[in-house]
Amino acid sequence: MRLTESLSSHLAHRALEALRKSGAKIRNDRLALAEVKKALAQALDRDPRVDEIVARRIASLSRPIPVGSAEYEVLYRQYYEQEIGKRRR
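All values reported here derive from a predicted model rather than from experimental measurement.

Undergrad: How do you make sense of helix α1 (residues 5–21) when you look at a structure like this?
TA: Because the α-helix completes a turn every 3.6 residues, residues three or four places apart line up on one side. Along its 17 residues, α1 runs 24 Å from first to last C-alpha, staying within 8% of the 24 Å computed at 1.5 Å per residue. Of all the residues in α1, the buried ones are Ser8, Ser9, Ala12 and Leu16. Viewed end-on, α1 has its buried residues packed into an arc of 100°, placing them on one side of the element. In α1, the exposed residues that point more than 90 degrees away from the buried face are Ser6 and Lys21.

Undergrad: Where do I start with the packing of helix α3 (residues 48–59) against helix α4 (residues 70–88) in this structure?
TA: For any two helices packed against each other, one specifies the crossing angle of their axes together with the interaxial distance. Two elements in contact, α3 and α4, have axes separated by 9 Å at closest approach and are oriented at 130°. Comparing their axes, α4 and α3 come out oblique. Pair α3 / α4 crosses with right-handed handedness. Contact residues: α3 offers Arg49, Val50, Asp51, Ile53, Val54, Ala55, Arg57 and Ile58, while α4 offers Tyr72, Leu75, Tyr76, Tyr79, Tyr80, Gln82, Glu83, Ile84 and Arg87. Residue composition of the contact of α3 with α4, by class: 11 nonpolar, one polar and five charged.

Parameters and conventions
- Residues numbered from 1 in each chain as written.
- Predicted model: local features only at pLDDT ≥ 70, side-chain atom pairs only at ≥ 80, totals over all residues.
- Heavy atoms only, no water.
- Helix = DSSP H or I, 4+ residues; strand = E, 2+ residues; numbered from the N terminus.
- Expected span 1.5 Å × (residues − 1).
- Buried < 20%, exposed > 50% of the residue type's maximum accessible area, 1.4 Å probe, protein only.
- Arc of directions from axis to C-beta.
- Axes fitted to C-alpha atoms, helices over the stretch in contact; angles between N-to-C directions.
- Parallel < 35°, antiparallel > 145°, perpendicular 65-115°, else oblique.
- Left-handed = near helix turned anticlockwise from the far one by under 90°.
- Contact = heavy atoms within 4.5 Å.
- Nonpolar A, V, L, I, M, F, W, Y, C, P; charged D, E, K, R; others polar.

See below:
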């Protein structure tokens, strides 16, 4: 799923509002908005087919890797980038 710039901006502003209400101090609004937009793009720009391939690849390792663990996240990013790279060639 890809976000339009206006939707991404709207969601980023709502996220900053929620952070402020929770008591978080934000020093630089522009930088914070950019980081939120970047995080949203990374989270939502995943190809579901590649996601499934990567999840199966991690599950097939000789020892189980708990989903959500730091090791899983590192492997996920590494394998996801490899799969995307294969598709770009």
